[in-house]
Amino acid sequence: MHFWSNSKTALQNLDLTFYGLLHIVFMLTAIVVLTIGSALAKRKLTDKEKYKTMLVWFSIALIIIFIVIPWPFSPLSSRPNFRTF
């Protein structure tokens, strides 16, 4: 909620932008890509066409998911794996 209530200052902070906007948008995009790929694969006639369609669309979604996971080495997020509180 902090991101949306203070969006002008939050957009200047990369961590807040990543968690408040980019992570959500790209994960939803990955879900849409998976859904489109699944729908297109169901319409193919042969198994080879179905698997090729699924491979392409599901690979794109997996790449999107891997990009927006908050890895400790990611330039988009500086969050550690374990918090010391």
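Coordinates for the structure precede this section.
Residues numbered from 1 in each chain as written. Predicted model: local features only at pLDDT ≥ 70, side-chain atom pairs only at ≥ 80, totals over all residues. Heavy atoms only, no water.

Concerning the overall build of the protein
For clarity, the cut-off: Strands are runs of DSSP state E lasting at least 2 residues, helices are runs of H or I lasting at least 4, and numbering of each runs from the N terminus. In this setup the radius of gyration rests on C-alpha atoms only. A globule is expected at 2.2 Å times the number of residues raised to 0.38. Relative accessibility decides the category of a residue: with a 1.4 Å probe and only protein chains considered, values under 20% of the type maximum give buried, values over 50% give exposed, and everything between is partly exposed. In what follows, a contact means two residues having at least one pair of non-hydrogen atoms within 4.5 Å. Accessible surface area values rest on a Shrake-Rupley calculation with a 1.4 Å probe, where residue burial reflects the displayed protein chains alone.
Looking only at helices and strands, the protein features 4 helices and 0 strands. Mapped from its N terminus to its C terminus, the protein presents α and β elements in the order α-α-α-α. Relative to the compact-globule value of 12 Å for 85 residues, the protein shows a C-alpha radius of gyration of 17 Å, a clear excess of over 25%. Seen through its principal axes, the protein has C-alpha atoms that stretch 55 × 25 × 20 Å. For the protein, the proportion of its 85 residues judged to be buried stands at 18%. Long-range contacts, defined as pairs at least 24 residues apart, comprise 49% of the intrachain contacts of the protein with a sequence gap of at least 6. Of the accessible surface of the protein, which amounts to about 6,700 Å², a share of 70% is contributed by carbon and sulfur atoms.

Some details on the environment of Leu-22
The topology assignment puts Leu-22 in helix α3 (residues 14-42). Placed 54 residues apart in sequence, Leu-22 and Leu-76 show a C-alpha to C-alpha distance of 9.4 Å. Once you skip the residues sitting within four places of it in the chain, Leu-22 turns out to touch Thr-17 and Val-68.

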